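Reading the structure
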Amino acid sequence: MQTLQVDLGERSYPIYIGAGLLSQVECIVPHLAGRQVAVVTNETVAPLYLDQLIRTLAGHELMSIVLPDGEAFKHWETLQKIFDGLLEARHDRRTTIIALGGGVVGDMAGFAAACYQRGVDFIQIPTTLLSQVDSSVGGKTGINHPLGKNMIGAFYQPKAVVIDTATLATLPERELSAGLAEVIKYGLICDESFLGWLESHMEALRALDPTSLTEAIARSCAAKAQVVGADERESGVRATLNLGHTFGHAIETHMGYGSWLHGEAVAAGTVMALEMSRRLGWLDEAGRNRGIRLLQRAGLPVVPPAEMTADDFLRHMAVDKKVLGGRLRLVLLKRLGEAVVTGDFPHEALLATLDTDYRTLMEQISH
Ligand code: NAD
Ligand code: GLY
């Protein structure tokens, strides 16, 4: 097992990474506030892993809340189900909420923990690659609004993150690829050597090679922990973790939550960010193409939806959380391994990026 630390003073917490951790009492039980525990999961993950977790928590006053599965359910009504369950079972302020599932469960359970009786403890047990490398670490919690992704939420840190890499064995291939989008993101924004490592381990990762997966997860979590430790509430460097997300959130919102997976939308959005960085003269074609090829090799979409116009993008991007004083800011790359958050770009460069024929660009790159 590997242990990393998110350093946030009195809100610091460990990230445990290893195979079989769902059964390791010592990773979970010492982080419980009291005897009451509420496991929040969903109807897909519950039949796979809930019993194993329940055995680990033997001796506690345990309840489980099983939510419907999917991004389309990441809203108020589902959150209300969590509060209903907690109140009906009379869980008090010393209860601990455990999120068992992907990023949707983690974001909602974390937000419920932030709100229930003005805040109770919670533990993240992420079971998708995306949630293991990104959403379970850093304390962003929340739900979607019909007008914008993740627009309602709170910064609220877990007491521990327990990453059982064995859970990835049951993950559908498409979801694994979606997680790889966020893994590649860390290489692009802050670690060019990690990009090189990913280039030589992409096949192993897609084949679920345990050693490669553990290394990719640990390097990703270490990168995220460092950024979150430096800027917990996103007043600066943390926004670089949103590479591709402004374009990607526009795709998710426009296409209907759940139609494109979050990681897929981020991948197409990352291609747009790479292209815009090239248009601004920061990346050369070789750098842009290197990023695109890696996303392709991860099995990810690299072309935004054909039906989305530049106006569609601009409309949805106007409600991005990085908009300040009406000014859109984007995460772009100065070079591979170095990201900036900036609103200082000519509007024409953004329009040209939105108007780019990505299908033709991909044909050119593959020749
Ligand atoms: P998800 O939670 O929808 O999970 C993907 C699918 O995999 C679901 O159908 C789920 O039931 C299933 N699943 C989960 N674990 C499984 C397993 N081990 N075996 C088989 N199936 C399994 O999606 P996700 O990609 O994990 O997370 C995406 C969400 O995370 C989005 O809502 C996004 O906004 C959010 N997110 C949050 C942050 C953050 O910092 N809080 C960061 C990135 C993404
Ligand atoms: N996923 C972006 C962040 O946690 O800040």
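This text follows the structure it describes.
1. Things to note about the pairing of strand β10 (residues 330-335)
- Bridge analysis of β10 against strand β11 (residues 338-342) gives 5 bridges, and the strand direction is antiparallel. Residue pairing across strands places Val-331 opposite Val-341, the latter belonging to β11.
- Here β10 folds back onto β11 in antiparallel fashion, the turn holding 2 residues, of which Gly-337 has a positive phi close to 95°.

2. With respect to the pairing of strand β4 (residues 61-67)
- Summarising the sheet, strand β3 (residues 36-42) and β4 pair through 7 bridges and their orientation is parallel. Paired with Val-40 across the strands is Ile-65, a residue of β4.
- Taking the sense of rotation as the criterion, the β-α-β connection linking β3, helix α2 (residues 46-56) and β4 turns out right-handed.

3. Some points on the site of ligand 2
- Lining the immediate surroundings of ligand 2 are Asp-134, Lys-140, Lys-224, Glu-234, Arg-238, Leu-241 and Asn-242.
- Within the side chain of Lys-140, an N or O atom sits 2.8 Å from an oxygen atom of ligand 2.
- Here Lys-224 contributes a side-chain N or O atom positioned 2.5 Å from an oxygen atom of ligand 2.
- Contact with the protein chains removes 90% of the 200 Å² of surface that ligand 2 exposes when unbound.
- Per-class residue counts for the shell around ligand 2 are 1 nonpolar, 1 polar and 5 charged.

4. Observations regarding the layout of surface pockets
- One number sums up the size of the second largest pocket: a volume of about 170 Å³.
- Taken together, Met-272, Val-303, Pro-304, Pro-305, Ala-306, Met-308, Phe-313, Leu-354, Thr-356, Asp-357, Tyr-358 and Arg-359 form the lining of the second largest pocket.
- Looking at the lining of the second largest pocket, its residues break down into 9 nonpolar, 1 polar and 2 charged.

5. Thoughts on the pattern of salt bridges
- Enumeration over the complete set of coordinates arrives at 21 salt bridges.
- Residue Glu-192 pairs with Arg-290 through a salt bridge whose shortest N-O separation is 3.0 Å. Placement of the pair is Glu-192 in helix α7 (residues 192-206) and Arg-290 in helix α11 (residues 285-297), with a sequence separation of 98 residues.
- On the basis of relative accessibility, which here comes to 35%, the residue Glu-192 falls in the partly exposed class.
- Among the residues examined, Arg-290 registers a relative accessible area of 24% and is labelled partly exposed.
- Note that Glu-275 is salt-bridged to Arg-278, the shortest N-O span being 3.1 Å. On the criterion of helical spacing, the pair formed by Glu-275 and Arg-278 is a turn pair, its members being 3 residues apart in helix α10 (residues 262-279).
- On the accessibility criterion, Glu-275 (2% relative accessible area) is buried.
- The structure contains a network of salt bridges with shared partners spanning Glu-192, Glu-199, Arg-290, Arg-335 and Glu-338.

6. Observations regarding empty space enclosed by the protein
- All told, the structure shown has 1 cavity of 30 Å³ or more when counted by the stated rule.
- Its volume calculated, the largest cavity comes out at about 80 Å³.
- Lining the largest cavity are 13 residues, with Lys-149, His-249, His-316, Val-319 and Asp-320 sitting closest to its centre.
- When contributions to the lining of the largest cavity are tallied by element, the ones reaching two or more residues are β8 (148-155), α9 (245-255) and α12 (310-317).

7. Here we look at helix α6 (residues 173-190)
- With 18 residues, α6 should reach 26 Å at 1.5 Å per residue; the first-to-last C-alpha distance of 26 Å fits that figure.
- Burial runs high along α6: 14 of the 18 residues are buried.

8. A closer look at the packing of aromatic side chains
- All told, the structure shown has 3 aromatic pairs when counted by the stated rule.
- Geometrically, the ring pair formed by Trp-76 and Phe-111 is tilted, given 6.4 Å between the ring centres and 50° between the ring planes. A residue pair is termed long-range when its members are at least 10 positions apart, and Trp-76 in helix α3 (residues 76-88) and Phe-111 in helix α4 (residues 103-115) qualify at 35 residues.
- Centroid distance Phe-194 to Trp-197: 5.9 Å. Interplanar angle 25°. Geometry classified as stacked. You can see Phe-194 and its partner Trp-197 sitting in helix α7, 3 residues apart, about one turn around the helix. Per residue, the accessibility class of Phe-194 equals that of Trp-197, and both read buried.

9. Thoughts on the sheet that holds strand β6 (residues 121-126)
- Read from one edge to the other, the open sheet built from 7 strands follows the order β1-β2-β9-β6-β5-β3-β4, with strand pairing classed as mixed. Bordering the open sheet on either side are β1 (2-6) and β4, each of which pairs with just one other strand. With strand direction ignored, the average angle separating the axes of adjacent strands in the sheet is 20°.
- Contacting β3, β4, β5 (96-101), β6 and β9 (160-164), α2 crosses the sheet at an angle of about 165° to β3.
- Packing of α3 onto the sheet brings it into contact with β3, β4 and β5, and relative to β4 it is tilted by some 160°.

Conventions used here
- Residues numbered from 1 in each chain as written.
- Chains lettered and ligands numbered in written order.
- Predicted model: local features only at pLDDT ≥ 70, side-chain atom pairs only at ≥ 80, totals over all residues.
- Heavy atoms only, no water.
- Pairing = 2+ DSSP bridges.
- Helix = DSSP H or I, 4+ residues; strand = E, 2+ residues; numbered from the N terminus.
- Right-handed = clockwise from strand over helix to strand, strands pointing away.
- Near = heavy atom within 4 Å.
- Polar contact = N/O pair within 3.5 Å; in protein donor to acceptor, adjacent residues only side chain to side chain.
- Areas by Shrake-Rupley, 256 points an atom, 1.4 Å probe, with all protein chains shown as cover.
- Nonpolar A, V, L, I, M, F, W, Y, C, P; charged D, E, K, R; others polar.
- 1 Å grid on protein atoms, 1.4 Å probe; cavity = no way out; pocket = protein on both sides within 12 Å on 5 of 7 lines; lining within 4 Å.
- Points joined across faces, edges and corners; volume = space filled by probe spheres on them.
- Salt bridge = Lys/Arg side-chain N within 4 Å of Asp/Glu carboxyl O.
- Buried < 20%, exposed > 50% of the residue type's maximum accessible area, 1.4 Å probe, protein only.
- Expected span 1.5 Å × (residues − 1).
- Phe/Tyr/Trp six-rings, centres within 6.5 Å; stacked < 30°, edge-to-face > 60°.
- Axes fitted to C-alpha atoms, helices over the stretch in contact; angles between N-to-C directions.
- Contact = heavy atoms within 4.5 Å.

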